[in-house]
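Chain and residue survey
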Amino acid sequence: MKLVVPAVYVAGAIVIWLDFLRSNPDGLANIWIAIYTFPIAMLGTFLLQGEFPYVPGRYYESHALYFWPSVAFLTLALFLVFHALQKIVRRAP
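I will try to describe carefully the structure that is included in this document.

Calculation criteria
- Residues numbered from 1 in each chain as written.
- Predicted model: local features only at pLDDT ≥ 70, side-chain atom pairs only at ≥ 80, totals over all residues.
- Heavy atoms only, no water.
- Helix = DSSP H or I, 4+ residues; strand = E, 2+ residues; numbered from the N terminus.
- Rg over C-alpha atoms; globule rule 2.2 N^0.38 Å.
- Buried < 20%, exposed > 50% of the residue type's maximum accessible area, 1.4 Å probe, protein only.
- Contact = heavy atoms within 4.5 Å.
- Phe/Tyr/Trp six-rings, centres within 6.5 Å; stacked < 30°, edge-to-face > 60°.
- Polar contact = N/O pair within 3.5 Å; in protein donor to acceptor, adjacent residues only side chain to side chain.
- Patch = residues over 30% accessible without salt bridge, like charges linked within 9 Å, V, L, I, M, F, W, Y side chains within 5 Å.
- Areas by Shrake-Rupley, 256 points an atom, 1.4 Å probe, with all protein chains shown as cover.
- Salt bridge = Lys/Arg side-chain N within 4 Å of Asp/Glu carboxyl O.
- Core = buried A, V, L, I, M, F, W, Y, C linked by side-chain atoms within 4.5 Å.

1. Some points on the overall build of the protein chain
Looking only at helices and strands, the protein chain features four helices and zero strands. Going from N to C terminus, the protein chain has its helices and strands arranged as α-α-α-α. A compact globule built from 93 residues would reach a C-alpha radius of gyration of about 12 Å, whereas the protein chain, at 16 Å, exceeds it by more than 25%. Principal-axis analysis of the C-alpha atoms gives the protein chain an extent of 55 × 30 × 15 Å. A total of 93 residues make up the protein chain; the buried ones form 26% of that total. The long-range fraction of contacts in the protein chain, counting pairs at least 24 apart against all pairs at least 6 apart in sequence, stands at 66%.

Given below as structure tokens:
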């Protein structure tokens, strides 16, 4: 599970990104990016006091600079959580 869940998360990120690239660059095109990286979006919104945590720059590049590091961080977090759970389960008698 510690490899399957992060792999499925990355596969979902690829689907979200491809859908984003095919959509019109309007205000709602990035909604799935925000939903998919919800913990990072909420943390960034809290730290930036209400502004969404995008990197300034051109439209697609700024979204990529936000989305892919967020996906990498969340994938690592999922791996570590499931790795810790696996260790706990193995120790249980």
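Here the narrative resumes, following the displayed structure.
2. A word on the packing of aromatic side chains
One pair of aromatic rings is described through two measures. These are the centre distance and the angle between the planes. Taken as a whole and judged by the stated rule, the model has eight aromatic pairs. With a centroid separation of 4.5 Å and an interplanar angle of 10°, the aromatic rings of Y9 and Y36 are classed as stacked. Of this pair, Y9 sits in helix α1 (residues 4–22) while Y36 is found in helix α2 (residues 31–36), placing the two residues 27 residues apart along the sequence. Accessibility expressed as a relative area gives 12% for Y9, which makes it buried. Geometrically, the ring pair formed by F67 and W68 is edge-to-face, given 5.0 Å between the ring centres and 70° between the ring planes. Three or more aromatic residues joined by ring pairs form one cluster here, namely W17, F20, Y59, Y60, F67 and W68.

3. A word on the side chain of T37
Mapped onto the elements, T37 comes out in the loop between α2 and α3 (38–47). On the basis of relative accessible area, T37 is assigned to the buried category, the value being 0%. Among the polar contacts made by the side chain of T37, one reaches the main-chain carbonyl oxygen of I33 at a distance of 2.7 Å. The residues touching T37, leaving out its near neighbours within four places in the chain, are Y9, Y66, F67, S70, V71 and L74.

4. Here's the deal with a nonpolar patch on the surface
A cluster of nonpolar side chains, namely V10, I14, L18, L21 and Y60, defines an oily patch on the protein surface of about 380 Å² accessible area. Here the element with the most residues in the nonpolar patch is α1; it accounts for four residues. Relative to the helices and strands, V10 is located in helix α1. Relative accessible area serves as the criterion here: at 30%, V10 is assigned to the partly exposed category.

5. Structural notes on the nonpolar core
Side chains of a nonpolar character, in soluble globular proteins, are inclined to be buried together. Counting residues in each nonpolar core, the largest one holds 13 residues, and the members touching the most others are W17, F20, I33, Y66, F67 and V71. Among the secondary structure elements, those contributing two or more residues to this core are α1, α3 and α4 (59–91). Sorting elements by how many residues they give to this core places α1 first, with five residues.

None of this, on its own, says anything about what the molecule does.
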